[in-house]
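# Examination of the molecular architecture
Here is what each chain is made of, one letter per residue.
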Amino acid sequence: MRIFQGALPPAWVVNKQPLDYAKDYSVEIVEGENLTGITFYVQVKGQEALALSKSQSHATYWLERKYAIYYADKVRLPV
């Protein structure tokens, strides 16, 4: 979680969700000194080794189907 928080711009608003039900953080983007209203959720996942795409151009993570359905159908915000 420290790595995640350290990767964000310091001005962004990061709120730890009190109950972890598939959403660890709510994040709002800040531009300059202004809140933008652009918000997204973060679910932090860890693994022992980094999995790369076939082209090795980006990291990949296999999300269980039930969570993908939940995020797509219920959450209504980017995750």
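Since the structure is predicted, the reported quantities are computational estimates derived from the model, not experimental observations.

## Some thoughts on the overall build of the protein
Check the secondary structure of the protein and you find two helices and three strands. Moving toward the C terminus, one meets the helices and strands of the protein in the order α-β-β-β-α. On the principal axes, the C-alpha backbone points of the protein span a range of 40 × 30 × 20 Å. By the burial criterion, 23% of the 79 residues in the protein qualify as buried. Each charge sign in the protein was given a centre, from 9 positive and 8 negative side chains, and these centres are 10 Å apart.

## A word on the nonpolar core
The tendency in soluble globular proteins is for nonpolar side chains to be buried side by side. Counting residues in hydrophobic clusters, the biggest one holds seven residues: Phe4, Leu8, Tyr25, Val27, Ile29, Phe40 and Val42. At the level of secondary structure, the elements contributing two or more residues to this core comprise strand E2 (25–31) and strand E3 (34–42). Once residues lying within four places of it in the same chain are set aside, the contact partners of Phe40 are Trp12, Tyr25, Ser26, Val27, Ile29 and Pro78.

## Here's the deal with the sheet that holds strand E1 (residues 13–16)
Spatial strand order, E1-E2-E3: three strands in an open sheet with antiparallel pairing. The two strands at the open ends of the sheet, each matched to only one other strand, are E1 and E3. Averaged over neighbouring strand pairs, the angle between their axes works out to 20 degrees when direction is ignored. Judged from the four bridges that link them, E1 and E2 form a sheet pairing that is antiparallel.

## Observations regarding the pairing of E3
In this structure, E2 lies alongside E3, joined through six bridges in antiparallel fashion. Bridged to Val30 within E3 is Leu35. Here E2 folds back onto E3, and the loop between the two strands holds two residues, one of which, Gly32, carries a positive phi near 65 degrees.

## Considering the environment of Lys54
Note on placement: Lys54 falls in the loop between E3 and helix H2 (65–75). Its relative accessible area of 88% is what places Lys54 among the exposed residues.

## Examining the environment of Tyr21
Here Tyr21 shows up in the loop between E1 and E2. Look at Tyr21 and you get exposed, because its relative accessible area is 61%.

## Some thoughts on the side chain of Ser26
Inspection of the secondary structure assignment puts Ser26 in strand E2. The contact partners of Ser26, leaving out residues within four places of it in the chain, are Val13, Val14, Asn15, Gln17, Thr39, Phe40 and Tyr41.

Definitions and limits used
- Residues numbered from 1 in each chain as written.
- Predicted model: local features only at pLDDT ≥ 70, side-chain atom pairs only at ≥ 80, totals over all residues.
- Heavy atoms only, no water.
- Helix = DSSP H or I, 4+ residues; strand = E, 2+ residues; numbered from the N terminus.
- Buried < 20%, exposed > 50% of the residue type's maximum accessible area, 1.4 Å probe, protein only.
- Lys, Arg positive; Asp, Glu negative; His and termini not counted.
- Charge placed at Lys NZ, Arg CZ, Asp CG, Glu CD.
- Core = buried A, V, L, I, M, F, W, Y, C linked by side-chain atoms within 4.5 Å.
- Contact = heavy atoms within 4.5 Å.
- Pairing = 2+ DSSP bridges.
- Axes fitted to C-alpha atoms, helices over the stretch in contact; angles between N-to-C directions.

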